[in-house]
Structure formats: C-alpha cells, structure tokens
Amino acid sequence: MNIELPSALSHAYLVTGGGADSRAALARRLAAAYLCEGNGPAPCGQCKHCRKVEGGVHPDVSTLSPLPDRREISVDQARDLRSDAYVRPNEGRRKVYIIDPADAMNPAAQNALLKVLEDGPAYAAFLLLTDQPGKLLDTVRSRCEPLPLPPEDAPVDPELAEKAERLAELLLTRDEFEVAKGLTALELERPKADQLAALLAEAEKRAAKGIPADPRRAVKVLRALKACRENAVFNPNAGHTLGWIAATLFQET
Ligand SMILES: [Zn+2]
C-alpha cells in the first residue's frame, strides 16, 4: 500500500477553465488518487477504491451541487457538508468533496465552508470546479491550489493532434531519460516558434483530458505548459523552450 502519493496532493484544488466535462473528469481522477490503495502511481484504476470512484459509488466521495429546481448551493447544504467532513471516512483513508459548480454557492454558503477549507480534518479533500472563479470569495480562492485547464476550442489538424497526444503522454511519464530523449528528438526537428507554440498548447489540452496518469504528475505538466504559454517562453529557440520545460518538470521531483 502506497500511502505517500495521495497525501502529497493538496487538500483543496480550484479547477477552472476547460469544459464542464473535462473539469468533472479531472475531479474524478483526483478523487480516485486520494483514495487509491493500489501499487504504483495513483490512481491505479484497478483497486476497489478506483473502481468505486469511477463508478460514482464510493461512499467517501460526495458531490455538492444545487438541489433539483434550484440554481444555488444553499448555506444549509454547505453546513451539512461541513458537519459531514468531521465524520471519519467510511471505507477509504480520505473523504473527498467535489463542489460542482462551486460558483453556485452563494456568499453565505461560501462563508460556511471557509473554516473547514482552512483547517478541516487532514483526511478531508475539496475539489472546487468552476468556469467563473471570479464569483468565489477571495478567502475561498486563496485556500485552494489553482488548477486551471486550457480552453477548449475547435479541433486541430490530425497530424498536430497525433503529435500532441504523443508529446502529452511523454511528458506525463516520470522517466526523466525518456522525456529528455523525446524532447531532444523534437528539438532536432527544429520547429518554428509558432509550430512549437501550437504543439505545446495542444499537448496541454491532451494532458488535461484524462490521459490516465498520476495526477500529481499531470498537475506539474499542466503547470509547466501553462507557464510556457502565458510567458511565451518561445525564445530564442526550440531548444531553449524544451530545455526550460524539462527543467521545470524535473525540479524537486
Ligand atoms: Zn487504485
């Protein structure tokens, strides 16, 4: 049993961007990773916890959404969640709360969650999903680690998509040598800056789309690619950019 993996995940994530489906899929993978008791990188997808999370029947994973015919998540629902969080897990070693969409919580509901978000029991984990993070109180946002997904838009040409798929899979592996080899091969193709930017942006989308992988690794890959996109780390050449990615991915692992 590998206890270290899930406990290394943050206790609260704010999953933004992407589409509703990709946010929900990422939340399921994270939930499985918190609870997985398989061998190797979590989630293993095989153990009873992973299977129950995937089937939507794990007793330690709850989703908080507006009640039928309501648009908001009420303060009473938030208080119920808070009380529930102090009851120990049923079967797993963690309890995972998925709040989807988190922006449906009115300010009173958000305030009711603050304390448990800040210093709830160590086994409790919170995944707040939203495409409108601006609707959350600063105090709520600041208690969560941001996990932004890339925007979803039109399909790209199949050749780029296939290459991006391979690149995403490569970056998601933990084998430093394999990653270095793959990035070196890519560098040797001497892609132009705009080609490289398109490829990395597409790889970022693929990495976010539920390629089965260790979520901690996926978080790191997404963060590196996003930083690359936002800072336009495309100068002076592909080698520099790819070296920067490799260094980012393998520092403090
Ligand atoms: Zn598992």
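## A few points about unusual backbone geometry
Between Asp 100 and the following residue, Pro 101, the backbone shows a cis peptide bond with an omega angle of -5 degrees. Within the secondary structure, Pro 101 is located in the loop between β3 (95-99) and α5 (107-119). Despite not being glycine, Arg 190 shows a phi value in the positive range, around 45 degrees.

## Quick word on the domain arrangement of the chain
Considered domain by domain, the chain is made up of domain 1 (4-149) and domain 2 (158-250). Taken over C-alpha atoms, the centre of domain 1 sits 28 Å from the centre of domain 2. On the side of domain 2, nine residues touch domain 1, which itself brings 15 residues to the contact. When contributions to the side of domain 1 that touches domain 2 are tallied by element, the ones reaching two or more residues are α2 (20-35) and β5 (145-149). Counted by class, the side of domain 1 that touches domain 2 contains 11 nonpolar, three polar and one charged residues.

## Describing the nonpolar core
Val 15, Ala 31, Ile 99, Leu 127 and Ala 207 are the most contacted members of the largest nonpolar core, which totals 70 residues. Here the element with the most residues in this core is α2; it accounts for eight residues. Composition of this core by domain shows at least three residues from each of domain 1 (4-149) and domain 2 (158-250). With residues near it in sequence (within four places) discarded, Val 15 still touches Arg 23, Leu 26, Ala 27, Leu 127, Leu 128, Leu 129, Leu 147 and Leu 149.

## Digging into the packing of helix α7 (residues 158-172) against helix α9 (residues 193-208)
At a minimum axis separation of 8 Å, α7 and α9 run at an interaxial angle of 65 degrees. Considering how the two elements wind past one another, α7 and α9 form a crossing that is right-handed. For the pair formed by α7 and α9, the contact residues are Leu 160, Ala 161, Lys 163, Ala 164, Glu 165, Leu 167, Ala 168, Leu 171 and Leu 172 on the first element and Ala 198, Leu 199, Glu 202, Ala 203, Arg 206 and Ala 207 on the second. In the contact of α7 with α9, the residues fall into 11 nonpolar, no polar and four charged.

How each quantity is defined
Residues numbered from 1 in each chain as written. Predicted model: local features only at pLDDT ≥ 70, side-chain atom pairs only at ≥ 80, totals over all residues. Helix = DSSP H or I, 4+ residues; strand = E, 2+ residues; numbered from the N terminus. Domains from an automatic or database assignment. Contact = placed C-beta atoms within 7 Å. Nonpolar A, V, L, I, M, F, W, Y, C, P; charged D, E, K, R; others polar. Core = buried A, V, L, I, M, F, W, Y, C linked by C-beta atoms within 7 Å. Buried ≥ 20, exposed ≤ 12 C-beta atoms within 10 Å, placed from the backbone. Axes fitted to C-alpha atoms, helices over the stretch in contact; angles between N-to-C directions. Left-handed = near helix turned anticlockwise from the far one by under 90°.

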